[in-house]
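Observations on chain architecture
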Amino acid sequence: MYFPDEEVSFIGEDIAESYDGWRLFFDRAANFKGVGIGAVIVSETGQHYPVSSMLRFSCTNNMAEYEACILGLRMAIDMNIQELLVIGDLDLVMHQVRGEWATKNSKILPYLHHIQELRKRFTKIEFQYVSRVQNEFADALATLSSTIQHPDTNFIDPIPVKIHY
C-alpha cells in the first residue's frame, strides 16, 4: 500500500518534538472479518514507511499487539535502522517489553522473548506508551488490514511456542 507523506495527518502533541530520530508506531485492530496489524516507521526527516498484514490465527488482543510490534521491528531491521523509538498505545505491552511488569501468560511469553531477541539488533532502542489518538496512523493501517481481502502472501503465521522441560 502506498500512502503519500503529504496526506498524513496528526492530532495531538507530536512525539517528534521530544525525539528527533527514527520512530516506529504500531497497532492492531479486530473485527468480524479478522485481525489486522499495522506499523509505520517515521524517519528522522519525516518520511513514512507503512506496513500492514492480517493474522490468520486466533489470538488475543495482546498477542495481536505484540505481532504488530514485531512486524515493525522486523521492518526496521530490514531497513538497517540502528536507533529506534518504539511507540504503542497498549500500556501493558510497553511495561512488559521494558521489563517493568512480568508475565507468566504462556501465550504472551514467546512474543516477549522474541522482542527481546529482536531488540539486540539495535544499538539503541526505547519503548514508549502514547495515547490512542497519537497512534492513529498505525491504527488506521491495522483497521484497513483487518477489513480487506489480502493476497495469501500477506498473512502472518503464529510464532512457534518452544516448550521447555
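Scroll up to find the structure.
First things first, this report covers the structure right here in the doc.

What counts as what
- Residues numbered from 1 in each chain as written.
- Predicted model: local features only at pLDDT ≥ 70, side-chain atom pairs only at ≥ 80, totals over all residues.
- Heavy atoms only, no water.
- Helix = DSSP H or I, 4+ residues; strand = E, 2+ residues; numbered from the N terminus.
- Buried < 20%, exposed > 50% of the residue type's maximum accessible area, 1.4 Å probe, protein only.
- Contact = heavy atoms within 4.5 Å.
- Polar contact = N/O pair within 3.5 Å; in protein donor to acceptor, adjacent residues only side chain to side chain.
- Axes fitted to C-alpha atoms, helices over the stretch in contact; angles between N-to-C directions.
- Parallel < 35°, antiparallel > 145°, perpendicular 65-115°, else oblique.
- Left-handed = near helix turned anticlockwise from the far one by under 90°.
- Nonpolar A, V, L, I, M, F, W, Y, C, P; charged D, E, K, R; others polar.
- Expected span 1.5 Å × (residues − 1).
- Pairing = 2+ DSSP bridges.

Another aspect to go through is the overall build of the chain. Along the backbone of the chain there are four helices and six strands. When the elements of the chain are put in sequence order from the N terminus, they spell out β-β-β-α-β-α-α-β-α-β. Buried positions account for 46% of the 165 residues belonging to the chain. In the chain, the proportion of contacts linking residues at least 24 apart, taken out of those at least 6 apart, comes to 73%.

What follows is about the side chain of Gln-96. Among the secondary structure elements, Gln-96 is positioned in helix α2 (residues 91-97). Accessibility expressed as a relative area gives 6% for Gln-96, which makes it buried. Discounting residues that sit within four places of it in the chain, Gln-96 has contacts with Tyr-66, Trp-101, Ala-102, Thr-103, Ile-108 and Leu-112.

In this section: the side chain of Arg-28. With respect to the element layout, Arg-28 can be found in strand β1 (residues 23-31). Residue class for Arg-28 comes out buried when judged on its relative accessible area of 14%. A polar side-chain atom of Arg-28 sits 3.5 Å from the main-chain carbonyl oxygen of Asn-61. Aside from chain neighbours lying at most four places away, what touches Arg-28 is Gly-36, Ile-37, Asn-61, Ala-64, Glu-65, Arg-132, Asp-139 and Ala-142.

Put simply, helix α1 (residues 61-78) and helix α3 (residues 109-119) touch, their axes get as near as 10 Å, and they point 15 degrees apart. Considered as vectors, α1 and α3 are oriented roughly parallel to each other. Relative to α3, the crossing made by α1 is left-handed. Every residue of α3 that contacts α1 at Met-63, Tyr-66, Glu-67, Cys-69, Ile-70, Leu-73, Arg-74 and Ile-77 is listed here: Tyr-111, Leu-112, His-114, Ile-115 and Leu-118. Looking at side-chain class alone, the contact of α1 with α3 contains ten nonpolar, one polar and two charged residues.

Let's shift gears to helix α4 (residues 136-147). Here α4 contains twelve residues, and its C-alpha end-to-end distance of 16 Å stays within 8% of the 16 Å for a straight helix at 1.5 Å per residue. Looking at α4, one finds that the buried residues are Phe-137, Ala-138, Asp-139, Leu-141, Ala-142, Ser-145 and Ser-146. For α4, the secondary structure elements touched by its buried residues are β1, β2 (34-42) and β3 (48-55).

The buried fraction of β1 amounts to seven of the nine residues, a majority that puts the element mostly inside the structure. Two elements, β1 and β2, share nine bridges in a ladder whose sense is antiparallel. Looking across to β2, one finds that Ala-29 is bridged to Gly-36. Where β1 folds back on β2, the antiparallel hairpin that results is connected by two residues.

Next up on the list: the environment of Val-51. Locating Val-51 in the fold gives a position in strand β3. Since its relative accessible area comes to 21%, Val-51 is described here as partly exposed. Separated by eleven residues in sequence, Val-51 and Val-40 have C-alpha atoms that sit 6.2 Å apart. Val-51 has contacts with Ile-37, Gly-38, Ala-39, Leu-71, Met-75 and Leu-141, leaving out every residue within four places of it along the chain.

The phi torsion at Asn-80 lies on the positive side, around 60 degrees, for a residue other than glycine. Relative to the helices and strands, Asn-80 is located in the loop between α1 and β4 (83-88).

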